Number of protein chains: 2
Amino acid sequence: MNKRLKHIVASAAAIGALAAAASAVAQQGPKPEQLIKWRQSAYQLLAWNTGRIKTNVEGQYNKDEVVKAANTIAAIANSGLGALYAPGTETGKGWHETAVKPELFTDKKAGEVAANFNKEANELAKVAAVGDVAAVKAQLGKVQGTCKACHDDFRKKD
Amino acid sequence: MNKRLKHIVASAAAIGALAAAASAVAQQGPKPEQLIKWRQSAYQLLAWNTGRIKTNVEGQYNKDEVVKAANTIAAIANSGLGALYAPGTETGKGWHETAVKPELFTDKKAGEVAANFNKEANELAKVAAVGDVAAVKAQLGKVQGTCKACHDDFRKKD
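Attention in this report is confined to the structure presented alongside it.

What counts, and at which threshold
- As a convention, each chain's residues are numbered from 1 in the sequence order in which they are written.
- The order in which chains are written sets their letters, starting at A; the order in which ligands are written sets their numbers, starting at 1.
- Residue-level local features of this predicted model are given only where pLDDT is at least 70; pairs of side-chain atoms are given and counted only at 80 or more, and the full residue set underlies all totals for whole chains, interfaces and linings.
- Side-chain numbers come from the whole structure's heavy atoms, not from hydrogens or water.
- For helices the rule is a DSSP run of H or I covering at least 4 residues; for strands it is a run of E covering at least 2, with both sets numbered from the N terminus onward.
- Contacts are assigned to residue pairs with any non-hydrogen atoms lying within 4.5 Å of each other.
- In short, Shrake-Rupley with a 1.4 Å probe defines the accessible areas, and a residue's cover is counted only from the protein chains shown.
- Each axis is a line fitted through C-alpha atoms, taken for helices only over the stretch in contact, and angles between the N-to-C directions span 0 to 180 degrees.
- We call two directions roughly parallel when the angle between them is under 35 degrees, roughly antiparallel when it is over 145, roughly perpendicular when it lies between 65 and 115, and oblique otherwise.
- For a crossing to be left-handed, the near helix must be turned anticlockwise from the far one by less than a right angle; the clockwise case is right-handed.
- As a working rule, the residues Ala, Val, Leu, Ile, Met, Phe, Trp, Tyr, Cys and Pro are called nonpolar, Asp, Glu, Lys and Arg charged, and the rest polar, with Gly in that last group.
- Only one rule defines a salt bridge in this text: a Lys or Arg side-chain nitrogen within 4 Å of an Asp or Glu carboxyl oxygen.
- Any residue under 20% of the maximum accessible area for its type is buried, any over 50% is exposed, and the rest in between are partly exposed; the area is computed with a 1.4 Å probe on protein chains only.

When its secondary structure is counted, chain A shows five helices and zero strands. Secondary structure elements of chain A occur, N-terminal to C-terminal, as α-α-α-α-α. Long-range pairs, those at least 24 residues apart, make up 71% of the contacts in chain A between residues at least 6 apart in sequence. For chain A, the accessible surface area stands at approximately 9100 Å², while carbon and sulfur atoms represent 59% of it.

If you want it as structure tokens, here you go:
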């Protein structure tokens, strides 16, 4: 290989490496800060909707509103929140510093806790569709129990 | 009415007024800042989920992920976001200063724009369940069109 040809081959290889790096960046998807912001947003919507159901079961009951709230909770539970805990999001700031404990990323119990939340959230949507206030209240308590279980194990104290 | 009785009556009236005011505060529910934070969170989740569907229709298609994302978008659209635009939330800071224009609270077109979003979001969930990639891509475009329509009319420019 003559000197000029070697130079062309080396340049082509360099361009190839750059393209591969650019592609890897593109495939990485959203930045950790964005993922943390999204999961913090998800929990805010869960708080809004559990709060609405609580207000309904403790006061004037509006079945339509409870159904909407329960369906939103179930959809978020089923949305695949795990994707928002991708590697690189163990620490960092979304809307605020993440409160997640490192254990969430290593402890097998985390998957179990998440599955319990999904199960109870889906049950809440079913119970809300029927519309028995006492049953909704009881099931809301179960959902909130799964929230607390995760907070106890995997969320830093305020 | 003697002087002492007048005093008692006046005191009772004052207590009644205080109780009524306290009750009104309780009935008002969450503070404007909280409502703004919740609606900003809702839009973040919509961005997460429309982004996921975009990634799927432009690359490797995962029907299960698209269904989850579309169901989340539809549930949020149906959740009754209008409640997060209660009086008192025309200005203020949630996660950040609200970008809403005052027209959203007065222009009748706002309800129409919101209804269009709901309609297209519900259609997206149906189309996602079928799983035709081209149809999902087209319907995602319609949903995003309704996002843009609202931003154009009712959201301050960055």
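Attention now goes to the packing of helix H2 (residues 32-58) of chain A against helix H3 (residues 63-78) of chain A. All names here are of chain A. Running from amino to carboxyl end, H2 crosses H3 at an angle of 150 degrees, the nearest separation of the two axes being 9 Å. Judged by the inter-axis angle, H2 sits roughly antiparallel to H3. You can see that H2 and H3 cross each other, and the crossing is left-handed. When H2 is examined against H3, the residues Ala-42, Leu-45, Leu-46, Asn-49, Thr-50, Arg-52, Ile-53 and Asn-56 are found in contact with a partner set consisting of Glu-65, Val-66, Ala-69, Ala-70, Thr-72, Ile-73 and Ile-76. The residue inventory of the contact of H2 with H3, partitioned by class, reads nine nonpolar, four polar and two charged.

Further remarks concern the pattern of salt bridges. Residues and elements named next belong to chain A. The final tally for this structure, using the stated rule, is twelve salt bridges over all chains. Among the salt bridges present, the one from Lys-119 reaches Glu-120, with a minimum N-O distance of 3.2 Å. Overall, the relative accessible area of 55% leaves Lys-119 in the exposed class.

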